[in-house]
Amino acid sequence: MTDPQIRVLLVDDHSMLRAGFRTILDIQPDITVVGEAATGAEAVAQASALLPDVITMDVQMPDMDGIEATRRIVADPAVGAAIAIVTTFDQDDYLYQALDAGASGFLLKNAAAEDLIAAVRALAAGDGMLAPEVTRRVLARFAGASSPAPAAARPRSATPLAEPLTDREAEVLALLADARTNAEIATALFIGEATVKTHVSRILQKLGARDRVQAVVLAHRMGIA
């Protein structure tokens, strides 16, 4: 029996870019592009109709931008797709709006093909993904090391969790915030990868987060990371 295919919806108002993404992704044995959309409204409709696992989402498009489309798709419990914002606009406002809308990844359009493939696989696995330069900017903003963040990105007052993180879970969360992989966390803490996965699952559950990216964002907003 073959492994299930990762179903991808491509959203961008430039047909040539969608064609390029399709070429890159469709030749992967575990990835299938199931649809395309050229506008935000089409993206919302296609997401509902096709139920993809992952959506690559442009930001600036006719009739509805990618941020609003992301917000509407995430709000639909029937869809459940992980969304990666893919844009040429390397600007903080887009980044924070995308994360606040519920995106699980953020890549620049000049990223290498292997980065796009890795992002799709990571999102399908529930891991979330930010480009390294994006991750550094997120953490710098939450740590107050940069200029004031937009309201959606400012840390909220600490909110106690229904069940607090254990010391080990806090260590794992700190390494997640440093954009470490499960293998790197396992090495740093001298534990097995299976144990790391268990800790990550518990962290997501306690924070009420969809994925690792949202867990880091929520942890900073709550003042616990």
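Residues numbered from 1 in each chain as written. Predicted model: local features only at pLDDT ≥ 70, side-chain atom pairs only at ≥ 80, totals over all residues. Heavy atoms only, no water.

Looking at an unreviewed UniProt entry, the protein carries the name Response regulator transcription factor, with the source organism given as Microbacterium sp. A8/3-1.

### A few points about unusual backbone geometry
We count it as follows: Numbering of helices and strands runs from the N terminus; a helix is a DSSP stretch of H or I covering at least four residues, while a strand is a stretch of E covering at least two. Exposure is judged per residue with a 1.4 Å probe applied to protein chains only, and the accessible area is read against the type maximum: over 50% gives exposed, under 20% gives buried, and values in between give partly exposed.
Its identity is not glycine, yet Asp63 carries a phi of approximately 65°, on the positive side. With a phi close to 60°, Phe190 is a non-glycine residue in the positive phi region. If you trace the backbone, Phe190 turns up in the loop between α8 (182-189) and α9 (193-207). Exposure remark for Phe190: the relative accessible area of 77% places this residue in the exposed category.

### Some points on the pattern of salt bridges
Applicable threshold: By definition, a salt bridge exists where a carboxyl oxygen of Asp or Glu is found within 4 Å of a side-chain nitrogen of Lys or Arg.
Enumeration according to the criterion identifies twelve salt bridges in this entry. Its salt-bridge partner being Asp26, residue Arg22 comes within 3.3 Å of it at the nearest N-O pair. Within this pair, Arg22 and its partner Asp26 are both found in helix α1 (residues 15-26), separated by four residues, close to a single helical turn. Arg22 gets classed as partly exposed once you look at its relative accessible area, which sits at 27%. Judged by relative accessible area, Asp26 falls into the partly exposed class, the value being 31%. The partner of Glu68 in a salt bridge is Arg72, with the nearest N and O atoms 2.9 Å apart. Residue Glu68 and its partner Arg72 are located together in helix α3 (residues 66-75), separated by four residues, close to a single helical turn. For Arg72, a relative accessible area of 45% puts it in the partly exposed group. Each of Arg18, Arg22, Asp26 and Glu36 takes part in one network of salt bridges that share partners.

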